[in-house]
Amino acid sequence: SRYNSLIQKIQTTMEKINDYLNKGNLMPTYLEKIYFALAESRVPEEFTGYTWNHPLGEWIITLKKRIEYIRDWLKAGEIKGYWLRALIHPQGLFNSLLLYYSQKYEQTVEKLTLSFDFTSYRDVSEITESDPQTSYIYDLSLIHI
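Okay, so let's go over this structure. Computed from a predicted model, the values in this text were never measured in an experiment.

## Some thoughts on the overall build of the protein chain
Inference 1: Scanning the protein chain from N- to C-terminus turns up five helices and two strands.
Inference 2: In the protein chain, the succession of helices and strands from N to C terminus is α-α-α-α-β-α-β.
Inference 3: C-alpha extents for the protein chain along the principal axes are approximately 65 × 35 × 30 Å.
Inference 4: In the protein chain, buried positions account for 24% of the 145 residues.
Inference 5: Taking contacts inside the protein chain between residues at least 6 apart in sequence as the whole, the part at least 24 apart equals 38%.

Okay, here's the thing in structure tokens:
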């Protein structure tokens, strides 16, 4: 998975930086860039693939929560709602839902559409309804440009 690759990349990078610091050798430019980003509490672009404007600590906490969410989802099987921001590519969830419902109701994917309604739920634990045609997503961030 992408999270496993990311964790491996972080671990390998930190080991390399540690080795260079312990031996007193000059670091390659790419490691130096990562080192200074971490020293300034910024998330290195090499870890995200894009510029992250929030502090490093917040990113680490969120990463940990995302990994726990995915792990819990794998263990539980069915879940009450999908945490959209935990997914690297949320479009994959929507495609999977379309495929699931197309098989369940023996319809072609092309005939199905997704519709969205906003609820007043503050937390996924508040979901008590059980509609077989409904999937809940939460923590949707809308950006106004």
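More follows now that the structure is in view.
## Digging into the environment of Leu-98
Inference 1: One can find Leu-98 in helix α5 (residues 90-104).
Inference 2: Leu-98 sits 14 residues away from Leu-112 along the chain, and the two C-alpha atoms are 6.8 Å apart.

## Focus: the nonpolar core
Inference 1: Of all hydrophobic cores here, the largest spans 14 residues; its most connected members are Leu-6, Ile-10, Ile-17, Val-43, Phe-47, Trp-59 and Leu-63.
Inference 2: Within the residue set of this core, elements represented by two or more residues are α1 (2-23), α2 (29-39) and α4 (56-76).
Inference 3: When sequence neighbours within four positions are dropped, the list of residues in contact with Phe-47 reads Leu-6, Ile-10, Thr-13, Ile-34, Leu-38 and Trp-59.
Inference 4: Counting 10 residues, the second-largest nonpolar core is a separate cluster that includes Tyr-69, Tyr-82, Trp-83 and Leu-93.

## Quick look at α4
Inference 1: Between its first and last C-alpha atoms α4 spans 30 Å; for 21 residues at 1.5 Å apiece the expected length is 30 Å, and the two agree.
Inference 2: Among all positions of α4, only Leu-56, Trp-59, Thr-62, Leu-63, Arg-66, Ile-67 and Tyr-69 are buried. Mapping the buried residues of α4 onto a view down its axis gives an arc of 155°, with all of them on the same face. Residues of α4 that are exposed and point over 90 degrees away from its buried face: Lys-64, Lys-75 and Ala-76.
Inference 3: Looking at the buried positions of α4, the neighbouring elements they touch are α1, α2, α3 (45-48), β1 (81-83) and β2 (136-138).

## Quick look at α5
Inference 1: An ideal rise of 1.5 Å per residue puts 21 Å on 15 residues; α5 measures up with 21 Å between its terminal C-alpha atoms.
Inference 2: Taken together, the buried positions of α5 are Leu-93, Phe-94, Leu-97, Leu-98, Tyr-101 and Ser-102.
Inference 3: In this structure, the buried residues of α5 make contact with α4, β1 and β2.
Inference 4: Glu-106 sits one or two positions beyond α5 and adopts a positive phi of about 50°.

## A word on unusual backbone geometry
Inference 1: Not every positive phi belongs to a glycine, and Ser-41 is a case in point at roughly 60°.
Inference 2: Along the polypeptide, Ser-41 turns up in the loop between α2 and α3.
Inference 3: The exposure class of Ser-41 is partly exposed, given its relative accessible area of 43%.
Inference 4: Of note, the phi angle at Glu-106 is positive, near 50°, even though the residue is not glycine.
Inference 5: Mapped onto the fold, Glu-106 is located in the loop between α5 and β2.

Here is what the cut-offs are and how they apply
Residues numbered from 1 in each chain as written. Predicted model: local features only at pLDDT ≥ 70, side-chain atom pairs only at ≥ 80, totals over all residues. Heavy atoms only, no water. Helix = DSSP H or I, 4+ residues; strand = E, 2+ residues; numbered from the N terminus. Buried < 20%, exposed > 50% of the residue type's maximum accessible area, 1.4 Å probe, protein only. Contact = heavy atoms within 4.5 Å. Core = buried A, V, L, I, M, F, W, Y, C linked by side-chain atoms within 4.5 Å. Expected span 1.5 Å × (residues − 1). Arc of directions from axis to C-beta.

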